[in-house]
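Overview (structure and organization)
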Amino acid sequence: MTTRRWQLAHGRHLDLGEKAIVVGILNVTPDSFSDGGLFITPDQAVAQARRMVEEGAAVIDIGGESTRPGASPVTPGEEQARILPVIAALAGTSEALISVDTYREETARLAVAAGAHIVNDVWGLQREPGIARVAADTGAGLVIMHTGRERQKLPDVIDDQFFFLKTSLEIAKRNGVQDDHIVLDAGFGFAKETAEENLDLMARFSELKALGFPLMAGTSRKRFVGTLTGREAGARAAGTAATSVILRLKGADLFRVHDVAINVDALAVADAMLAREKPGH
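Summarised in this report is the structure supplied together with it.

The rules behind each value
Residues numbered from 1 in each chain as written. Predicted model: local features only at pLDDT ≥ 70, side-chain atom pairs only at ≥ 80, totals over all residues. Heavy atoms only, no water. Pairing = 2+ DSSP bridges. Helix = DSSP H or I, 4+ residues; strand = E, 2+ residues; numbered from the N terminus. Axes fitted to C-alpha atoms, helices over the stretch in contact; angles between N-to-C directions. Contact = heavy atoms within 4.5 Å. Salt bridge = Lys/Arg side-chain N within 4 Å of Asp/Glu carboxyl O. Buried < 20%, exposed > 50% of the residue type's maximum accessible area, 1.4 Å probe, protein only. Parallel < 35°, antiparallel > 145°, perpendicular 65-115°, else oblique. Left-handed = near helix turned anticlockwise from the far one by under 90°. Nonpolar A, V, L, I, M, F, W, Y, C, P; charged D, E, K, R; others polar. Right-handed = clockwise from strand over helix to strand, strands pointing away.

Before going further, it helps to spend a moment on the sheet that holds strand S7 (residues 141–145). Read around the barrel, eight strands follow the order S3-S4-S5-S6-S7-S8-S9-S10 and close on themselves; strand pairing throughout is parallel. Neighbour-to-neighbour, the strand axes of the sheet open up by a mean angle of 25°, direction not taken into account. The sheet contact formed by strand S6 (residues 118–121) and S7 spans four bridges and is parallel. Pairing of Val119 across the sheet is with Leu142, part of S7. Its contacts with the sheet place helix H5 (residues 157–174) against S7 and strand S8 (182–185), and it is angled at close to 150° to S7.

This is the structure:
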């Protein structure tokens, strides 16, 4: 695998390609689908972030609004009150890279000012395009996620990825975001309603490499993993790790997960396998 440097805010970077990167999910919310209410205070959230770093997470992705289907929206002020103290506390006491999970331009700007290195937008810059300007102005890394919500999708799962993500990439370019700041996320579970649709996306995941950017996978504890395993949300760590391995072998670089340790171990095996497959071994 070729190595690519992902440029981030505050002079930081991540080298992607040779080794799978695990991103720990930290929801500072009362209503996220599998961990809502567990890390609602800054002290609880920072302690969980440190646990995930100890288990091998290179990035902590902090969100203040649930993105589960049917979740109640929050005001920008509520979102910011939840996440900004956590970002500031973590930035002041840890070398961990910090990602902010938001689609709001204002929240993203405040988060980077508080110490975040990456902006992760689940609406792919298409809800508030100004979020791309934040990335350009601050030098933040930018995760552009595919979603099928609130629109008519194309029938072919990969055609729809290209249709949506090319629009997002045009927004990024128009706002001055450099290519080496961008990672793409296929958006597993976001209006991919059936296990079959998510499996089709996994099976054909390597086709997304044609877009020319590093790829993030976010399958953690998703409903389709529950459909396949018969497990409730909190018991889907092993199923998630299996999807992580499959997607690593198909070209994913980063893995956004709740259960860090099991995914770190599973991906270490996948990385060893990929290393052995290189010419000369």
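Applying the stated criterion across every chain, the model contains 17 salt bridges. Glu65 is the partner of Arg104 in a salt bridge, and the nearest nitrogen-oxygen pair spans 2.8 Å. Pair noted here: Arg104 is in the loop between strand S5 (97–101) and helix H3 (105–114) and Glu65 is in the loop between strand S4 (59–63) and helix H2 (76–93), with a separation of 39 residues, a long-range link. Its relative accessible area of 7% is what places Arg104 among the buried residues.

Quick look at the packing of H3 against helix H4 (residues 131–138) now. What describes two packed helices is the angle between their axes and the distance between those same axes. One can describe the packing of H3 onto H4 by two numbers: an axis separation of 8 Å at closest approach and a directional angle of 20°. With respect to each other, H3 and H4 are oriented roughly parallel. For the crossing formed where H3 meets H4, the hand is right-handed. Of H4, the residues touching H3 (which contributes Glu105, Ala108, Arg109 and Val112) are Ile131, Arg133, Val134, Asp137 and Thr138. Within the contact of H3 with H4, the residues separate by chemical class into four nonpolar, one polar and four charged.

With that settled, consider the pairing of S5. Looking along a regular strand, one sees side chains alternate from face to face of the sheet. Burial analysis of S5 places five of its five residues in the buried class, which makes it a mostly covered element. Along S5, one buried face is formed by Leu97, Ser99 and Asp101 and the opposite face, lined by Ile98 and Val100, is buried too. Of the pairings in the sheet, the one linking S4 to S5 comprises five bridges and is parallel in character. Paired with Asp61 across the two strands is Ser99, which belongs to S5. Where S5 and S6 come together, three bridges link them in parallel fashion. Paired with Asp101 across the strands is Asn120, a residue of S6. Once you follow S5 into H3 and on to S6, the crossover reads as right-handed.

Fair warning: the whole summary comes from geometry, so function is off the table for now.
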